[in-house]
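For reference, the chains in residue letters:
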Amino acid sequence: MIEIASCPLCDAPATGTRCSCGYDFTTGDPGLAIEARKTRFLSARRRLRRGFVILATLPITVAIAQAAPSVLLLLRAVWLTQLFASAYFIVGGLRTYVVARRELAAATQLQQLPSARVVR
Ligand SMILES: [Zn+2]
């Protein structure tokens, strides 16, 4: 049994056997915390990718506007939607991605260096 005052991953006070982030206080196993962080990281990456895919469709609608100027008004609404949707996914995804990547790296490092978690 390892005596620690707070979670080495999220700094929450060490009460009970498991932290809300998944870190196991009794065994010092960050396995569940790593899984949770991996899920969050992959979700952020998907969101980011979605934003870039929407952005990549912009030249297609621009090409349609050049071929058929009669639908320009409708396409302006489509462009606005494409721009806002891609900005929404890219900005939100990037923010989550950066944090989730850092948290995942910290949890993975804790698993690789088990002696580092011991607090006296
Ligand atoms: Zn924690």
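For clarity, every value in this text was computed on a predicted model and none was experimentally measured. (Residues numbered from 1 in each chain as written. Predicted model: local features only at pLDDT ≥ 70, side-chain atom pairs only at ≥ 80, totals over all residues. Heavy atoms only, no water.)

## Some remarks on the overall build of the protein
Next up, step 1: When helices and strands are counted, the protein shows 3 helices and 0 strands.
Next up, step 2: Starting at the N terminus and walking to the C terminus, you meet the elements of the protein as α-α-α.
Next up, step 3: At 22 Å, the protein has a C-alpha radius of gyration far larger than the 14 Å of a compact globule built from 120 residues.
Next up, step 4: In terms of its C-alpha atoms, the protein occupies a principal-axis envelope of roughly 75 × 25 × 15 Å.
Next up, step 5: For the protein, restricting intrachain contacts to residue pairs at least 6 apart in sequence, the fraction spanning at least 24 positions comes to 57%.
Next up, step 6: When the accessible area of the protein is evaluated, it comes to approximately 7900 Å², of which 63% is carbon and sulfur surface. (Helix = DSSP H or I, 4+ residues; strand = E, 2+ residues; numbered from the N terminus. Rg over C-alpha atoms; globule rule 2.2 N^0.38 Å. Contact = heavy atoms within 4.5 Å. Areas by Shrake-Rupley, 256 points an atom, 1.4 Å probe, with all protein chains shown as cover.)

## Observations concerning the coordination of the zinc ion
Next up, step 1: Here the zinc ion is held by the protein donor atoms Cys 7 (SG), Cys 10 (SG), Cys 19 (SG) and Cys 21 (SG), which lie 2.2 to 2.3 Å from it.
Next up, step 2: Coordination at the zinc ion comes from 4 donor atoms whose angles at the metal span 99 to 119 degrees, giving a geometry best classed as tetrahedral.
Next up, step 3: Going along the chain, you hit the donors of the zinc ion in the pattern C-x2-C-x8-C-x1-C. With Cys 10 in the segment before helix H1 (31-56) and Cys 21 in the segment before H1, this pair connects stretches of sequence that are 11 residues apart.
Next up, step 4: A relative accessible area of 17% places Cys 21 in the buried class. (Donors = N, O, S within 2.8 Å, 3.2 Å for Na, K, Ca; no water. Tetrahedral: all angles 85-135°; square planar, octahedral: opposite > 155°, others 65-115°. Buried < 20%, exposed > 50% of the residue type's maximum accessible area, 1.4 Å probe, protein only.)

## Observations concerning the side chain of Asp 24
Next up, step 1: Among the structural elements, Asp 24 can be located in the segment before H1.
Next up, step 2: We classify Asp 24 as buried; its relative accessible area is 12%.
Next up, step 3: Among the polar contacts made by the side chain of Asp 24, one reaches the side chain of Thr 26 at a distance of 2.6 Å.
Next up, step 4: Reaching out from Asp 24, the side chain makes a polar contact with the backbone nitrogen of Thr 27 at a distance of 3.2 Å. (Polar contact = N/O pair within 3.5 Å; in protein donor to acceptor, adjacent residues only side chain to side chain.)

## A few points about the confidence of the model for the protein
Next up, step 1: Mean pLDDT over the protein stands at 90; residues scoring 70 or higher make up 92%.
Next up, step 2: Across the protein, H1 holds the top mean pLDDT of 96, while helix H2 (residues 58-67) sits lowest at 92. (pLDDT = per-residue confidence, 0-100.)

## Observations concerning the side chain of Arg 37
Next up, step 1: The residue Arg 37 is located in helix H1 in this model.
Next up, step 2: Discounting residues that sit within four places of it in the chain, Arg 37 has contacts with Leu 9, Cys 10, Glu 103, Leu 104, Ala 106 and Ala 107.

## Observations concerning the pattern of salt bridges
Next up, step 1: Under the counting rule described, the total for this entry stands at 3 salt bridges.
Next up, step 2: Of the charged contacts, one joins Arg 18 and Asp 24 as a salt bridge, the two residues approaching to 3.6 Å between their closest N and O atoms.
Next up, step 3: Relative accessible area serves as the criterion here: at 41%, Arg 18 is assigned to the partly exposed category.
Next up, step 4: Lys 38 serves as the salt-bridge partner of Glu 35, at 3.8 Å between the closest nitrogen and oxygen. Here Glu 35 pairs with Lys 38, and both are found in helix H1, just 3 residues apart, close to one helical turn.
Next up, step 5: Classification of Glu 35 by relative accessible area gives partly exposed; the value is 45%.
Next up, step 6: Relative accessible area serves as the criterion here: at 35%, Lys 38 is assigned to the partly exposed category. (Salt bridge = Lys/Arg side-chain N within 4 Å of Asp/Glu carboxyl O.)

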